[in-house]
Amino acid sequence: MALSGSAEASPRHKSWYIGRIPDEPFDIPLVDMSLIPQQFHRHSVSYSGREAVGTILINKADRFLYYIEAPGRAIRFGIAVGRDGARFSGTTIIQRRAKWPTWTPTANMRRRNPNLPVRVAGGPQNPLGARALYLYRDGRDTLFRIHGTNEPWSIGTAASAGCIRMLNEHVFELFGTVRNRARVIVV
């Protein structure tokens, strides 16, 4: 089964995908949600906080991202958060958004793993997945992103270099909803 454009899933991981969302220049693979623990599925939930509609709340410990969609309502998505992300907290804003983003490993990542490529073009094999939301604080890039993943089995785990990782279909939805300058609170 072709996942995206001409890219094929490895035989070991083909069973994770059940369809696709048409997109350009690559289609977005749809994950078989029966393979993801129920608590990390997309859920509409009650929200009693005071954050404004359009705010994103990230609970790293529980591995959930909440998008405040209306007064008293939020959409909850399962996420993966890595070692560096576990140390990241506070308030940021989305300064930039990208479709099929290019991935450039940071200097720290390359020091830890010298075999990492210098740059990976956007596409189905890119670790940032189908979409990325870039988090800024005080006008500066924090180097943290909310992004998709081509490793859906990582959702709900501590398996990431540090960014906030979502299923591609979930980050696709969030990307289409959230706007630049949206507030992101990481706890």
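Rules of the game
- For every chain, the first residue of the written sequence is number 1, and numbering continues from 1 onward in sequence order.
- At least 70 in pLDDT is required for a residue's local features to be given in this predicted model, at least 80 for side-chain atom pairs to be given and counted, and no such filter applies to totals for whole chains, interfaces and linings, which use all residues.
- Calculation of side-chain values draws on the structure's entire complement of heavy atoms; hydrogens and water are dropped beforehand.
- Side-chain rings of Phe, Tyr and Trp (the six-membered ring for Trp) are treated as a pair once their centres are within 6.5 Å; stacked means planes under 30 degrees apart, edge-to-face means over 60, and tilted covers the remaining angles.
- By definition, any uninterrupted DSSP run of H or I lasting at least four residues is a helix, any uninterrupted run of E lasting at least two residues is a strand, and each is numbered from the N terminus.
- In this scheme, a residue with accessible area under 20% of its type's maximum is buried, one over 50% is exposed, and one in between is partly exposed, where area comes from a 1.4 Å probe on protein chains only.
- In this scheme, the term charge over a ring applies when either NZ of a lysine or CZ of an arginine sits within 6 Å of the ring centre and within 35 degrees of the ring normal.
- Throughout, a residue-residue contact means that at least one pair of heavy atoms, one from each residue, lies within 4.5 Å.

In this structure the tally under the stated criterion is 5 aromatic pairs. Geometrically, the ring pair formed by Phe88 and Phe144 is stacked, given 4.0 Å between the ring centres and 20 degrees between the ring planes. You can see Phe88 sitting in the loop between α1 (83–87) and β10 (90–99) and its partner Phe144 sitting in strand β12 (residues 140–147), a full 56 residues away along the chain. Each member of the pair, Phe88 together with Phe144, is buried. Through successive ring pairs, a cluster of aromatic residues spans Phe40, Phe64 and Tyr66. In this structure, Arg76 packs its charged tip against the face of Phe64, placed 4.3 Å from the ring centre. The ring of Tyr134 carries Arg96 above its face, with NZ or CZ at 3.8 Å from the centroid.

This paragraph deals with the environment of Tyr67. Looking at where Tyr67 falls in the secondary structure, it is placed in strand β7 (residues 64–70). Judged by relative accessible area, which is 10%, Tyr67 ranks as buried. Here the alpha-carbon distance between Tyr67 and Val178, two residues 111 residues apart in the chain, equals 8.4 Å. Among all residues touching Tyr67, those that are not within four sequence positions of it are Gly54, Thr55, Ile56, Arg73, Ala74, Ile75, Leu174, Thr177 and Val178.

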